[in-house]
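Listed here are the chains, written in short residue letters.
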Amino acid sequence: MSIASKWVLDVLKDTFPDIYAGQYNCRRISGSSRYSQHSWPNALDVTNVNCGYSTNPSNQEYLDSVADFLWDNREALSLKMMLWR
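This is a predicted model, so every value here is computed, not measured.

(A) Expanded view of the overall build of the chain. Looking only at helices and strands, the chain has 2 helices and 2 strands in total. Each helix and strand of the chain, placed in order from N terminus to C terminus, yields the pattern α-β-β-α. Classification of the 85 residues of the chain by burial places 25% in the buried group. Looking at the chain alone, contacts between residues at least 24 apart form 44% of all its contacts between residues at least 6 apart. Of the roughly 6100 Å² that the chain leaves accessible, carbon and sulfur atoms contribute 53%.

Below, the structure written as structure tokens:
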């Protein structure tokens, strides 16, 4: 995980104590020679372990609030791209 990603994760943990984020493994997209964006060294996958899988409605609301926070603070956090929904 890059230093910048670690910093963003620390900011998220301060704002959303139940947050879980990590870096996914480097792998190719099934049936393709392209690597998944989850393998980028500065990418974070974010979820809330306490609410379960991302299709849980309460988890969707939580993750929407995380996405809103990230988007509203994208310049301060130096975000280049955010994939959501």
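(B) A look at the pattern of salt bridges. Applying the stated rule across the entire model yields 1 salt bridge. For the salt bridge of Lys-6 with Asp-10, the shortest nitrogen-to-oxygen distance reads 2.8 Å. Here Asp-10 and Lys-6 lie together in helix H1 (residues 3–15), a separation of 4 residues that amounts to about one turn. Overall, the relative accessible area of 41% leaves Lys-6 in the partly exposed class. Overall, the relative accessible area of 31% leaves Asp-10 in the partly exposed class.

(C) Examining the confidence of the model for the chain more closely. When pLDDT is averaged along the chain, the result is 75, and 66% of the positions lie at 70 or above. Between the elements of the chain, mean pLDDT differs from a low of 67, seen in strand S2 (residues 45–48), to a high of 85, seen in H1.

(D) Local environment of the environment of Ser-65. Looking at where Ser-65 falls in the secondary structure, it is placed in helix H2 (residues 57–72). Put simply, Ser-65 and Phe-16 are 49 residues apart on the chain and 9.4 Å apart in space, counted from C-alpha to C-alpha.

(E) Layout of the packing of aromatic side chains. Evaluation of the coordinates by the stated rule reveals 2 aromatic pairs. Between Phe-16 and Tyr-62, the aromatic rings sit 5.9 Å apart at their centres with planes inclined by 75 degrees, giving edge-to-face as the arrangement. Taken together, the residues span a long stretch of sequence, with Phe-16 in the loop between H1 and strand S1 (19–22) and Tyr-62 in helix H2 at a distance of 46 residues. This pair shows no difference in class: Phe-16 is buried, exactly as Tyr-62 is.

(F) Region of the structure containing H1. With 13 residues, H1 should reach 18 Å at 1.5 Å per residue; the first-to-last C-alpha distance of 19 Å fits that figure. What H1 keeps buried is the set Ser-5, Val-8, Leu-9 and Leu-12. One side of H1 carries all its buried residues, which in axial view fall inside an arc of 100 degrees. Residues of H1 that are exposed and point more than 90 degrees away from the buried face comprise Ile-3 and Asp-14.

Rules behind the numbers
Residues numbered from 1 in each chain as written. Predicted model: local features only at pLDDT ≥ 70, side-chain atom pairs only at ≥ 80, totals over all residues. Heavy atoms only, no water. Helix = DSSP H or I, 4+ residues; strand = E, 2+ residues; numbered from the N terminus. Buried < 20%, exposed > 50% of the residue type's maximum accessible area, 1.4 Å probe, protein only. Contact = heavy atoms within 4.5 Å. Areas by Shrake-Rupley, 256 points an atom, 1.4 Å probe, with all protein chains shown as cover. Salt bridge = Lys/Arg side-chain N within 4 Å of Asp/Glu carboxyl O. pLDDT = per-residue confidence, 0-100. Phe/Tyr/Trp six-rings, centres within 6.5 Å; stacked < 30°, edge-to-face > 60°. Expected span 1.5 Å × (residues − 1). Arc of directions from axis to C-beta.

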